[in-house]
Amino acid sequence: MSVAALQEWWLTLSDEVVTYGPGFLSATLVVLGVTVASILVSWACGLLGALGKRSSFAPFRALASFYVWFIRGTPTLVQVFIVYFGMPQIGVKLSPVTAGIIALGVSSGAYVAETIRAGLAAIPRGQVESALALGMNPRIMMVRIVLPQVFRMILPSLTNEAISAVKNTSLLSTITVVELTLYAQLMIATTFRPFDFYIAAALIYLGLTSILSQLSAYFERRYARLS
(Lines give C-alpha, C1' and ligand atoms only; values in the text may rest on other atoms or scores of the structure.)
Protein backbone atom coordinates (compact mmCIF):
# COMPACT_ATOMS: atom_id res chain seq x y z
CA MET A 1 0.00 0.00 0.00
CA SER A 2 1.39 3.40 -1.03
CA VAL A 3 1.73 6.32 1.35
CA ALA A 4 -1.02 8.20 -0.48
CA ALA A 5 -3.38 5.23 -0.25
CA LEU A 6 -2.56 4.80 3.43
CA GLN A 7 -3.28 8.48 4.10
CA GLU A 8 -6.56 8.24 2.22
CA TRP A 9 -7.55 5.16 4.23
CA TRP A 10 -6.67 6.92 7.50
CA LEU A 11 -8.75 9.99 6.60
CA THR A 12 -11.67 7.79 5.65
CA LEU A 13 -11.30 5.87 8.90
CA SER A 14 -11.28 9.13 10.90
CA ASP A 15 -14.49 10.22 9.21
CA GLU A 16 -16.06 6.83 9.98
CA VAL A 17 -15.16 7.13 13.66
CA VAL A 18 -16.98 10.47 13.86
CA THR A 19 -19.94 9.25 11.82
CA TYR A 20 -20.41 5.75 13.22
CA GLY A 21 -18.89 6.14 16.70
CA PRO A 22 -22.24 6.86 18.42
CA GLY A 23 -23.70 3.73 16.82
CA PHE A 24 -20.81 1.61 18.08
CA LEU A 25 -21.25 3.13 21.52
CA SER A 26 -24.93 2.21 21.55
CA ALA A 27 -24.12 -1.33 20.39
CA THR A 28 -21.44 -1.62 23.07
CA LEU A 29 -23.96 -0.63 25.74
CA VAL A 30 -26.24 -3.40 24.47
CA VAL A 31 -23.36 -5.86 24.78
CA LEU A 32 -22.65 -4.72 28.34
CA GLY A 33 -26.30 -4.90 29.38
CA VAL A 34 -26.83 -8.36 27.90
CA THR A 35 -23.54 -9.58 29.36
CA VAL A 36 -24.28 -8.41 32.91
CA ALA A 37 -27.81 -9.81 32.83
CA SER A 38 -26.73 -13.15 31.36
CA ILE A 39 -23.92 -13.48 33.92
CA LEU A 40 -26.40 -12.98 36.76
CA VAL A 41 -28.69 -15.61 35.22
CA SER A 42 -25.75 -17.98 34.77
CA TRP A 43 -24.66 -17.60 38.41
CA ALA A 44 -28.19 -18.36 39.61
CA CYS A 45 -28.49 -21.37 37.30
CA GLY A 46 -24.97 -22.50 38.14
CA LEU A 47 -25.53 -22.37 41.89
CA LEU A 48 -28.81 -24.25 41.59
CA GLY A 49 -27.21 -26.79 39.28
CA ALA A 50 -24.23 -27.34 41.57
CA LEU A 51 -26.37 -27.72 44.68
CA GLY A 52 -28.76 -29.95 42.75
CA LYS A 53 -25.96 -32.31 41.71
CA ARG A 54 -24.87 -32.54 45.35
CA SER A 55 -28.42 -32.94 46.67
CA SER A 56 -29.44 -36.04 48.58
CA PHE A 57 -32.82 -35.90 46.78
CA ALA A 58 -32.49 -38.11 43.70
CA PRO A 59 -34.92 -36.18 41.41
CA PHE A 60 -32.96 -32.96 42.02
CA ARG A 61 -29.68 -34.71 41.20
CA ALA A 62 -31.16 -36.20 38.03
CA LEU A 63 -32.61 -32.87 36.89
CA ALA A 64 -29.36 -30.98 37.55
CA SER A 65 -27.30 -33.68 35.83
CA PHE A 66 -29.59 -33.61 32.80
CA TYR A 67 -29.37 -29.82 32.62
CA VAL A 68 -25.56 -29.82 32.65
CA TRP A 69 -25.37 -32.74 30.22
CA PHE A 70 -27.80 -31.24 27.71
CA ILE A 71 -26.39 -27.71 27.74
CA ARG A 72 -22.74 -28.76 27.54
CA GLY A 73 -23.53 -31.20 24.72
CA THR A 74 -25.35 -28.78 22.40
CA PRO A 75 -24.15 -25.61 20.62
CA THR A 76 -24.99 -22.28 22.23
CA LEU A 77 -26.37 -20.98 18.93
CA VAL A 78 -28.87 -23.84 18.78
CA GLN A 79 -29.93 -23.03 22.35
CA VAL A 80 -30.50 -19.40 21.33
CA PHE A 81 -32.69 -20.57 18.44
CA ILE A 82 -34.64 -22.91 20.73
CA VAL A 83 -35.47 -20.08 23.12
CA TYR A 84 -36.25 -17.44 20.49
CA PHE A 85 -37.80 -19.46 17.65
CA GLY A 86 -38.93 -22.60 19.49
CA MET A 87 -40.58 -21.24 22.64
CA PRO A 88 -43.36 -19.38 20.72
CA GLN A 89 -44.63 -22.79 19.56
CA ILE A 90 -45.57 -23.56 23.16
CA GLY A 91 -47.03 -20.11 23.77
CA VAL A 92 -43.98 -18.32 25.18
CA LYS A 93 -42.99 -15.36 23.00
CA LEU A 94 -39.97 -13.35 24.11
CA SER A 95 -38.30 -10.23 22.77
CA PRO A 96 -34.91 -10.81 21.09
CA VAL A 97 -33.00 -9.25 23.99
CA THR A 98 -34.90 -11.20 26.66
CA ALA A 99 -34.55 -14.45 24.72
CA GLY A 100 -30.83 -13.79 24.26
CA ILE A 101 -30.25 -13.10 27.95
CA ILE A 102 -32.10 -16.25 29.00
CA ALA A 103 -30.38 -18.44 26.40
CA LEU A 104 -26.88 -17.18 27.12
CA GLY A 105 -27.45 -17.23 30.88
CA VAL A 106 -28.81 -20.78 30.93
CA SER A 107 -26.06 -21.93 28.57
CA SER A 108 -23.27 -20.42 30.67
CA GLY A 109 -24.94 -21.66 33.85
CA ALA A 110 -24.13 -25.27 33.05
CA TYR A 111 -20.41 -24.51 32.99
CA VAL A 112 -20.68 -22.36 36.10
CA ALA A 113 -22.47 -25.26 37.82
CA GLU A 114 -19.53 -27.57 37.21
CA THR A 115 -17.12 -24.88 38.39
CA ILE A 116 -19.05 -24.31 41.61
CA ARG A 117 -19.45 -28.06 42.17
CA ALA A 118 -15.69 -28.51 41.92
CA GLY A 119 -15.18 -25.62 44.33
CA LEU A 120 -17.63 -27.08 46.84
CA ALA A 121 -15.90 -30.45 46.63
CA ALA A 122 -12.58 -28.75 47.49
CA ILE A 123 -13.87 -27.40 50.82
CA PRO A 124 -12.63 -29.66 53.66
CA ARG A 125 -15.48 -31.66 55.13
CA GLY A 126 -14.21 -30.84 58.61
CA GLN A 127 -15.18 -27.17 58.22
CA VAL A 128 -18.77 -28.07 57.44
CA GLU A 129 -18.96 -30.58 60.26
CA SER A 130 -17.47 -28.09 62.74
CA ALA A 131 -19.95 -25.37 61.75
CA LEU A 132 -22.88 -27.75 62.11
CA ALA A 133 -21.55 -29.05 65.43
CA LEU A 134 -21.51 -25.48 66.74
CA GLY A 135 -25.21 -25.24 65.96
CA MET A 136 -24.90 -23.07 62.87
CA ASN A 137 -27.86 -23.12 60.51
CA PRO A 138 -26.93 -24.98 57.26
CA ARG A 139 -28.05 -22.04 55.11
CA ILE A 140 -26.02 -19.54 57.15
CA MET A 141 -23.07 -21.91 57.15
CA MET A 142 -23.22 -22.09 53.35
CA VAL A 143 -23.46 -18.30 52.94
CA ARG A 144 -20.87 -17.26 55.55
CA ILE A 145 -18.30 -20.04 55.47
CA VAL A 146 -18.50 -22.19 52.35
CA LEU A 147 -19.45 -19.88 49.48
CA PRO A 148 -16.88 -17.13 50.24
CA GLN A 149 -14.08 -19.72 50.09
CA VAL A 150 -15.54 -21.28 46.96
CA PHE A 151 -15.77 -17.86 45.29
CA ARG A 152 -12.08 -17.17 45.91
CA MET A 153 -11.10 -20.52 44.41
CA ILE A 154 -13.30 -20.31 41.32
CA LEU A 155 -12.82 -16.61 40.52
CA PRO A 156 -10.43 -17.27 37.58
CA SER A 157 -12.90 -19.78 36.10
CA LEU A 158 -15.79 -17.37 36.57
CA THR A 159 -13.77 -14.69 34.81
CA ASN A 160 -13.14 -16.99 31.85
CA GLU A 161 -16.86 -17.69 31.67
CA ALA A 162 -17.64 -13.96 31.86
CA ILE A 163 -15.23 -13.33 28.97
CA SER A 164 -17.02 -16.03 26.99
CA ALA A 165 -20.32 -14.33 27.83
CA VAL A 166 -19.06 -11.07 26.31
CA LYS A 167 -18.03 -12.81 23.09
CA ASN A 168 -21.17 -14.96 22.93
CA THR A 169 -23.32 -11.85 22.67
CA SER A 170 -22.26 -11.83 19.01
CA LEU A 171 -24.51 -14.87 18.54
CA LEU A 172 -27.52 -12.68 19.22
CA SER A 173 -26.97 -10.94 15.90
CA THR A 174 -28.76 -13.96 14.43
CA ILE A 175 -31.98 -13.03 16.26
CA THR A 176 -31.86 -9.32 15.35
CA VAL A 177 -30.30 -7.96 18.55
CA VAL A 178 -28.34 -4.93 17.37
CA GLU A 179 -25.12 -5.54 19.28
CA LEU A 180 -21.61 -4.98 17.96
CA THR A 181 -21.55 -7.73 15.35
CA LEU A 182 -24.93 -6.94 13.81
CA TYR A 183 -24.24 -3.21 13.89
CA ALA A 184 -20.96 -3.79 12.05
CA GLN A 185 -22.75 -5.94 9.48
CA LEU A 186 -25.41 -3.28 8.93
CA MET A 187 -22.79 -0.61 8.40
CA ILE A 188 -20.80 -2.84 6.06
CA ALA A 189 -23.93 -3.30 3.95
CA THR A 190 -24.09 0.46 3.38
CA THR A 191 -20.38 1.34 3.17
CA PHE A 192 -18.87 -1.87 1.70
CA ARG A 193 -15.90 -1.54 4.10
CA PRO A 194 -15.83 -4.86 5.97
CA PHE A 195 -12.22 -4.57 7.14
CA ASP A 196 -12.79 -1.29 8.99
CA PHE A 197 -15.98 -2.25 10.75
CA TYR A 198 -15.03 -5.81 11.69
CA ILE A 199 -11.71 -4.57 13.05
CA ALA A 200 -13.53 -1.89 15.05
CA ALA A 201 -15.91 -4.48 16.50
CA ALA A 202 -13.02 -6.81 17.30
CA LEU A 203 -11.12 -4.06 19.10
CA ILE A 204 -14.14 -3.18 21.23
CA TYR A 205 -14.63 -6.84 22.18
CA LEU A 206 -10.92 -7.03 22.97
CA GLY A 207 -11.16 -3.94 25.18
CA LEU A 208 -14.13 -5.32 27.12
CA THR A 209 -12.54 -8.72 27.72
CA SER A 210 -9.24 -7.09 28.72
CA ILE A 211 -11.04 -4.99 31.32
CA LEU A 212 -12.64 -8.13 32.73
CA SER A 213 -9.25 -9.83 32.91
CA GLN A 214 -7.73 -6.88 34.75
CA LEU A 215 -10.63 -6.76 37.22
CA SER A 216 -10.23 -10.47 37.90
CA ALA A 217 -6.49 -10.04 38.50
CA TYR A 218 -7.20 -7.17 40.89
CA PHE A 219 -9.67 -9.16 42.96
CA GLU A 220 -7.38 -12.18 43.00
CA ARG A 221 -4.57 -10.05 44.44
CA ARG A 222 -6.95 -8.50 46.96
CA TYR A 223 -8.23 -11.86 48.16
CA ALA A 224 -4.66 -13.17 48.35
CA ARG A 225 -3.74 -10.32 50.73
CA LEU A 226 -6.81 -10.95 52.88
CA SER A 227 -6.24 -14.71 53.14
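In the block above lies the structure referred to throughout.
These numbers come from a predicted model, not from an experiment.

## Details of the packing of helix α4 (residues 96-122) against helix α6 (residues 138-168)
Helix-helix packing: each pair is described by the crossing angle between the helix axes and the interaxial distance.
Piece 1. Taken N-terminus to C-terminus, the directions of α4 and α6 make an angle of 145°; their axes are 9 Å apart at the nearest point. Between α4 and α6 the crossing geometry is right-handed. On α6, the residues touching Leu104, Ser108, Tyr111, Val112, Thr115, Ile116, Gly119, Leu120 and Ala122 of α4 are Met142, Val146, Leu147, Val150, Met153, Ile154, Ser157, Leu158, Glu161 and Asn168.
Piece 2. For the contact of α4 with α6, the residue count by class is 13 nonpolar, 5 polar and 1 charged.

## Description of the packing of aromatic side chains
How two aromatic rings sit relative to each other is set out by the distance from centre to centre and by the angle between their planes.
Piece 1. For the structure on display, the rule yields 9 aromatic pairs.
Piece 2. Both rings, one in phenylalanine 24 and one in phenylalanine 197, keep their centres 6.0 Å apart while their planes meet at 20°; by these two values the pair is stacked. Residue phenylalanine 24 is located in helix α1 (residues 3-53), and its partner phenylalanine 197 is located in helix α8 (residues 194-226); the two are separated by 173 residues in the primary sequence.
Piece 3. Ring geometry for tyrosine 84 against phenylalanine 85: centres 4.9 Å apart, planes inclined by 70°, an arrangement best described as edge-to-face.

## Digging into a nonpolar patch on the surface
Piece 1. On the surface, a cluster of nonpolar side chains totalling about 510 Å² of accessible area is made up of Phe66, Trp69, Phe70, Val78 and Ile82.
Piece 2. The set of elements that each furnish at least two residues to the nonpolar patch consists of α2 (58-72) and α3 (76-86).
Piece 3. Per-element accounting of the nonpolar patch gives the leading share, 3 residues, to α2.
Piece 4. Mapped onto the elements of the fold, isoleucine 82 is located in helix α3.

What counts and how
Residues numbered from 1 in each chain as written. Predicted model: local features only at pLDDT ≥ 70, side-chain atom pairs only at ≥ 80, totals over all residues. Heavy atoms only, no water. Axes fitted to C-alpha atoms, helices over the stretch in contact; angles between N-to-C directions. Helix = DSSP H or I, 4+ residues; strand = E, 2+ residues; numbered from the N terminus. Left-handed = near helix turned anticlockwise from the far one by under 90°. Contact = heavy atoms within 4.5 Å. Nonpolar A, V, L, I, M, F, W, Y, C, P; charged D, E, K, R; others polar. Phe/Tyr/Trp six-rings, centres within 6.5 Å; stacked < 30°, edge-to-face > 60°. Patch = residues over 30% accessible without salt bridge, like charges linked within 9 Å, V, L, I, M, F, W, Y side chains within 5 Å. Areas by Shrake-Rupley, 256 points an atom, 1.4 Å probe, with all protein chains shown as cover. Salt bridge = Lys/Arg side-chain N within 4 Å of Asp/Glu carboxyl O.

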